[in-house]
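These are the residues of each chain, in order.
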Amino acid sequence: MLRKTVVVHIPNEHLNNAATFFIKKANEFTSHITVSRKNNSVNAKSLLGLLSMRLEYGTSVDITAEGVDAAEALAALEQVLNPADHN
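Residues numbered from 1 in each chain as written. Predicted model: local features only at pLDDT ≥ 70, side-chain atom pairs only at ≥ 80, totals over all residues. Heavy atoms only, no water.

**Examining the overall build of the protein chain**
Inference 1: Across its full length, the protein chain carries three helices and four strands.
Inference 2: Secondary structure elements in the protein chain, listed N-terminal to C-terminal, are β-α-β-β-α-β-α.
Inference 3: Computed over C-alpha atoms, the radius of gyration of the protein chain comes to 12 Å, within 12% of the 12 Å expected from 2.2 N^0.38 for 87 residues, which places it in the range of a compact globule.
Inference 4: For the protein chain, the spread of C-alpha atoms along the three principal axes comes to 35 × 25 × 20 Å.
Inference 5: Put simply, of all contacts in the protein chain between residues at least 6 apart along the chain, 69% involve residues at least 24 apart.
Inference 6: In the protein chain, 8 positive and 9 negative side-chain charges are present, and the distance between their average locations comes to 6 Å. (Helix = DSSP H or I, 4+ residues; strand = E, 2+ residues; numbered from the N terminus. Rg over C-alpha atoms; globule rule 2.2 N^0.38 Å. Contact = heavy atoms within 4.5 Å. Lys, Arg positive; Asp, Glu negative; His and termini not counted. Charge placed at Lys NZ, Arg CZ, Asp CG, Glu CD.)

Next comes the structure, spelled out in structure tokens:
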């Protein structure tokens, strides 16, 4: 099992679209992936679960992946929440 802490660097007004893209990206992988914040943990492949996290710009989350493509999944999902062009 691999775990990565990621800070959300997406403007709040774009988070719903980013959440949709995040779950689509998560579903490209066979690994079991969860997103955790405080005491709440949800399936990263569930839109309702992810929206229930109430993510905001600057929020820190833990992404956990277990499976053959776990490392690739973590890297890809980190890029969704923390894109390189997040000035």
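**Structural notes on the nonpolar core**
Inference 1: F22, I33, V35, L50, V61, I63 and L81 are the most contacted members of the largest nonpolar core, which has 27 residues in total.
Inference 2: Mapped onto this core, the elements with two or more residues apiece are α1 (15-26), β2 (32-37), β4 (60-66) and α3 (70-81).
Inference 3: Considering every element that reaches this core, the biggest residue donor is α3, with seven residues.
Inference 4: Leaving out residues up to four positions away in the same chain, L81 has contacts with V6, V7, V8, H9, I10, F22, V61 and I63. (Core = buried A, V, L, I, M, F, W, Y, C linked by side-chain atoms within 4.5 Å. Buried < 20%, exposed > 50% of the residue type's maximum accessible area, 1.4 Å probe, protein only.)

**Side note on the side chain of T59**
Inference 1: Here T59 is to be found in the loop between α2 (47-51) and β4.
Inference 2: Within polar-contact distance, the side chain of T59 engages the backbone oxygen of E56 at 2.7 Å. (Polar contact = N/O pair within 3.5 Å; in protein donor to acceptor, adjacent residues only side chain to side chain.)

**A word on the pattern of salt bridges**
Inference 1: Under the counting rule described, the total for this entry stands at two salt bridges.
Inference 2: A salt bridge links K4 to E78; the shortest N-O distance between them is 3.6 Å. Taken together, the positions of K4 in strand β1 (residues 2-7) and E78 in helix α3 put the pair 74 residues apart, joining distant regions of the chain.
Inference 3: With its nearest N and O atoms 3.3 Å apart, the salt bridge here joins E28 to K25. (Salt bridge = Lys/Arg side-chain N within 4 Å of Asp/Glu carboxyl O.)

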